[in-house]
Amino acid sequence: FNSRIACGVLSGCLIAGCFAGCGKLDGTQIVATVDGEEVTLGLASYILRDQQAQISSYYQMFAQSYGIDVGDMWGEETEDGKTYAESTKEGVMDTIKTLYVMKDHAADYDVTITDEEQEAIDSAAKAFMEANDEKTLEELAVSESDIVLYLQLMTYRQKMHDPMVADVDQEVSDEEANQTRISLVTVSTEDGEDDDGNAVPLTDEEKAEKKELAEKVLEKIKASDNIAEADIDAIVDEVDDSIQSTTPAFTTAPSESNTLEQAVMDAALKLKDGEVADKIIEGEKGYYVVRLDKMYDEEATQNKIKSIISEREQELYDSILEEWENAADMSIQESVWKKVTLSDAKSFVYKTADATE
């Protein structure tokens with residue numbers, strides 16, 4: 001906890017720039033209540049600015065990578081017709097509700113904050129206040145007690161997860177988990193596009209050419225001294241480097257998560273380890289060359305088991321949290337919350353750590 005949570009949450013420390021000069025915020029004002037428990041504007045402001053700094057950092061990295069100008073991202077409208085700023089502020093209030101209800105239910109699972117954890121929280125909060133100048137703290141409208149409370153709430157959330165999902169069934173059947181690994185060469189026959197983005201189906205002649213490419217790959221694999229060890233990627237590159245070569249795994253149980261065509265799976269299950277299907281498999285989306293690498297892939301199966309258990313845990317966790325949130329009463333003082341604006345005119349970023357530290 002000491003190194004991962006208290007230090008991890010606040011290690012960056014915020015720094016504000018491009019001040020809009022909209023007046024000083026009073027962080028002691030009550031911006032919301034959750035089941036009668038008051039939430040200060042300072043706490044909500046900090047959570048919002050933390051989100052702003054993270055999102056802005058991501059978008060700037062995205063813009064630099066693709067050489068584009070994201071413009072005033074906070075003023076852009078989302079699919080529901082709200083601006084990104086409005087949606088983000090709503091999300092912060094949802095986060096606050098979640099944090100408070102988890103703290104309120106901590107006693108149900110005998111979850112508490114230890115003296116050692118509280119000491120780490122106090123130390124981190126103090127370090128945060130010292131690391132930011134007065135002007136930044138004024139813009140955040142945050143106090144040391146707000147940071148302490150934030151870290152307490154985050155600690156409860158982290159510690160609540162495991163006891164909340166402790167009753168999840170850890171048993172996974174072979175039918176659900178067992179994974180079959182194949183090497184798959186795909187020559188796509190999906191529609192192309194014209195200059196206007198309209199779908200253009202392949203002609204019969206084009207499909208015949210695609211099938212011929214797949215047959216060339218199959219012939220080269222069959223001609224290998226050791227089919228089971230043949231380097232399919234290299235063979236594909238010899239024939240046409242636009243052809244796709246992958247090594248997917250799938251479960252033999254019916255599953256919506258399987259992305260492979262049924263014809264491909266059926267062909268693979270008729271083979272023994274190291275064998276390649278004698279003929280090209282014709283599917284709805286392409287022509288396929290299929291080699292069975294492992295009927296039972298132990299590593300992939302263990303990963304699948306972990307994935308299934310994780311999904312069960314997430315479903316239980318979400319359902320419990322949804323029940324708590326639906327039962328909780330939250331009221332927001334919109335007149336107070338609207339004082340905190342979100343735009344490019346007032347930006348917050350994380351300080352860059354000294355490379356020598």
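Residues numbered from 1 in each chain as written. Predicted model: local features only at pLDDT ≥ 70, side-chain atom pairs only at ≥ 80, totals over all residues. Heavy atoms only, no water.

**Observations concerning the layout of surface pockets**
Here's step 1: Roughly 260 Å³ of volume is contained in the largest pocket.
Here's step 2: Lining the largest pocket are 13 residues, with Leu-184, Thr-186, Thr-259, Leu-260 and Tyr-288 sitting closest to its centre.
Here's step 3: Secondary structure elements with two or more residues in the lining of the largest pocket: strand 4 (179-188) and strand 7 (244-246).
Here's step 4: Of all the elements, strand 4 adds the most residues to the lining of the largest pocket, at 3 residues. (1 Å grid on protein atoms, 1.4 Å probe; cavity = no way out; pocket = protein on both sides within 12 Å on 5 of 7 lines; lining within 4 Å. Points joined across faces, edges and corners; volume = space filled by probe spheres on them. Helix = DSSP H or I, 4+ residues; strand = E, 2+ residues; numbered from the N terminus.)

**As for a negative patch on the surface**
Here's step 1: Together, Asp-72, Glu-76, Glu-77, Glu-79, Asp-80, Glu-86 and Asp-344 line one region of the surface with negative charge.
Here's step 2: Within the fold, Asp-344 resides in the loop between helix 12 (334-337) and strand 12 (347-350).
Here's step 3: By relative accessible area, which is 36% here, Asp-344 ends up partly exposed. (Patch = residues over 30% accessible without salt bridge, like charges linked within 9 Å, V, L, I, M, F, W, Y side chains within 5 Å. Areas by Shrake-Rupley, 256 points an atom, 1.4 Å probe, with all protein chains shown as cover. Salt bridge = Lys/Arg side-chain N within 4 Å of Asp/Glu carboxyl O. Lys, Arg positive; Asp, Glu negative; His and termini not counted. Charge placed at Lys NZ, Arg CZ, Asp CG, Glu CD. Buried < 20%, exposed > 50% of the residue type's maximum accessible area, 1.4 Å probe, protein only.)

**So, the environment of Lys-270**
Here's step 1: Within the secondary structure layout, Lys-270 lies in the loop between helix 10 (262-268) and strand 9 (281-282).
Here's step 2: Residue classification places Lys-270 among the exposed residues on the basis of a relative accessible area of 70%.
Here's step 3: Each C-alpha atom, one on Lys-270 and one on Gln-170, is 31 Å from the other, the two residues being 100 residues apart in sequence.

**Some thoughts on the pairing of strand 2 (residues 30-34)**
Here's step 1: For strand 2 and strand 3 (residues 37-40), the ladder comprises 4 bridges, and the chain directions are antiparallel. Bridge pairing in strand 3 links Thr-33 to Glu-38.
Here's step 2: Between the end of strand 2 and the start of strand 3, which pair antiparallel, lie 2 residues, with Asp-35 showing a positive phi angle near 50°. (Pairing = 2+ DSSP bridges.)

**Structural notes on the side chain of Glu-139**
Here's step 1: Residue position: Glu-139 is located in helix 5 (residues 134-140).
Here's step 2: Look at Glu-139 and you get buried, because its relative accessible area is 14%.
Here's step 3: Only 3.0 Å separates the side chain of Glu-139 from the side chain of Lys-346, close enough to count as a polar contact. (Polar contact = N/O pair within 3.5 Å; in protein donor to acceptor, adjacent residues only side chain to side chain.)

**Examining the packing of helix 4 (residues 115-131) against helix 6 (residues 144-164)**
For any two helices packed against each other, one specifies the inter-axial angle together with the distance between the axes.
Here's step 1: Relative orientation of the contacting elements helix 4 and helix 6 amounts to 135°, with a least axis distance of 9 Å. In terms of orientation, helix 4 lies oblique with respect to helix 6. In this structure, helix 4 crosses over helix 6, and the sense of that crossing is right-handed. Of the residues in helix 6, those touching helix 4 at Glu-117, Gln-118, Ile-121, Asp-122, Ala-124, Ala-125, Lys-126, Phe-128 and Met-129 are Glu-144, Ile-147, Val-148, Leu-151, Gln-152, Thr-155 and Lys-159.
Here's step 2: Residues belonging to the contact of helix 4 with helix 6 are distributed by class as follows: 8 nonpolar, 3 polar and 5 charged. (Axes fitted to C-alpha atoms, helices over the stretch in contact; angles between N-to-C directions. Parallel < 35°, antiparallel > 145°, perpendicular 65-115°, else oblique. Left-handed = near helix turned anticlockwise from the far one by under 90°. Contact = heavy atoms within 4.5 Å. Nonpolar A, V, L, I, M, F, W, Y, C, P; charged D, E, K, R; others polar.)

**Remarks on a nonpolar patch on the surface**
Here's step 1: Residues Tyr-58, Met-61, Phe-62, Tyr-66 and Ile-68 make up a contiguous nonpolar surface patch of roughly 550 Å² in combined accessible area.
Here's step 2: Along the chain, the position of Tyr-66 falls in helix 2 (residues 41-66).
Here's step 3: According to the relative accessible area criterion, Tyr-66 is exposed, its value standing at 59%.

**Some points on the pattern of salt bridges**
Here's step 1: As enumerated under the stated definition, the model contains 11 salt bridges in all.
Here's step 2: Between Asp-169 and Arg-312 there is a salt bridge, with the nearest N and O atoms lying 4.0 Å from each other. Taken together, the positions of Asp-169 in the loop between helix 6 and helix 7 (174-177) and Arg-312 in helix 11 (residues 298-327) put the pair 143 residues apart, joining distant regions of the chain.

**Some thoughts on the nonpolar core**
Here's step 1: The biggest cluster of nonpolar side chains holds 59 residues, and the ones touching the most others in it are Val-31, Phe-128 and Trp-337.
Here's step 2: Ranked by the residues each element gives to this core, the list is headed by helix 6, at 9 residues.
Here's step 3: The residues contacting Trp-337, other than those within four sequence positions of it, are Val-31, Leu-41, Ala-44, Ser-45, Leu-48, Lys-89, Val-92, Met-93 and Ile-332.
Here's step 4: Of all hydrophobic cores here, the second largest spans 16 residues; its members include Ala-214, Ile-235, Val-236 and Val-239. (Core = buried A, V, L, I, M, F, W, Y, C linked by side-chain atoms within 4.5 Å.)

**Remarks on the side chain of Gln-52**
Here's step 1: Along the chain, Gln-52 falls in helix 2.
Here's step 2: When residues no more than four places from it in sequence are discounted, the contact partners of Gln-52 are Trp-74, Leu-342, Ser-343, Lys-346, Ser-347 and Phe-348.

**A closer look at the packing of aromatic side chains**
Here's step 1: Here the structure, examined in full by the defined rule, presents 6 aromatic pairs.
Here's step 2: An angle of 20° between the planes, with centres 5.5 Å apart, marks the rings of Trp-74 and Tyr-84 as stacked. On the criterion of sequence distance, the pair formed by Trp-74 in the loop between helix 2 and helix 3 (84-104) and Tyr-84 in helix 3 is long-range, its members being 10 residues apart.
Here's step 3: The class for Trp-74 is buried, based on a relative accessible area of 2%.
Here's step 4: According to the relative accessible area criterion, Tyr-84 is partly exposed, its value standing at 24%.
Here's step 5: Among the aromatic residues, those joined into a cluster by ring pairs are Tyr-58, Tyr-59, Trp-74 and Tyr-84.
Here's step 6: It is Lys-89 that lies over the ring of Trp-337; its NZ or CZ is 4.7 Å from the centre. (Phe/Tyr/Trp six-rings, centres within 6.5 Å; stacked < 30°, edge-to-face > 60°. Lys NZ or Arg CZ within 6 Å of the ring centre and 35° of its normal.)

Everything listed is a geometric property; what it means functionally is a separate question.
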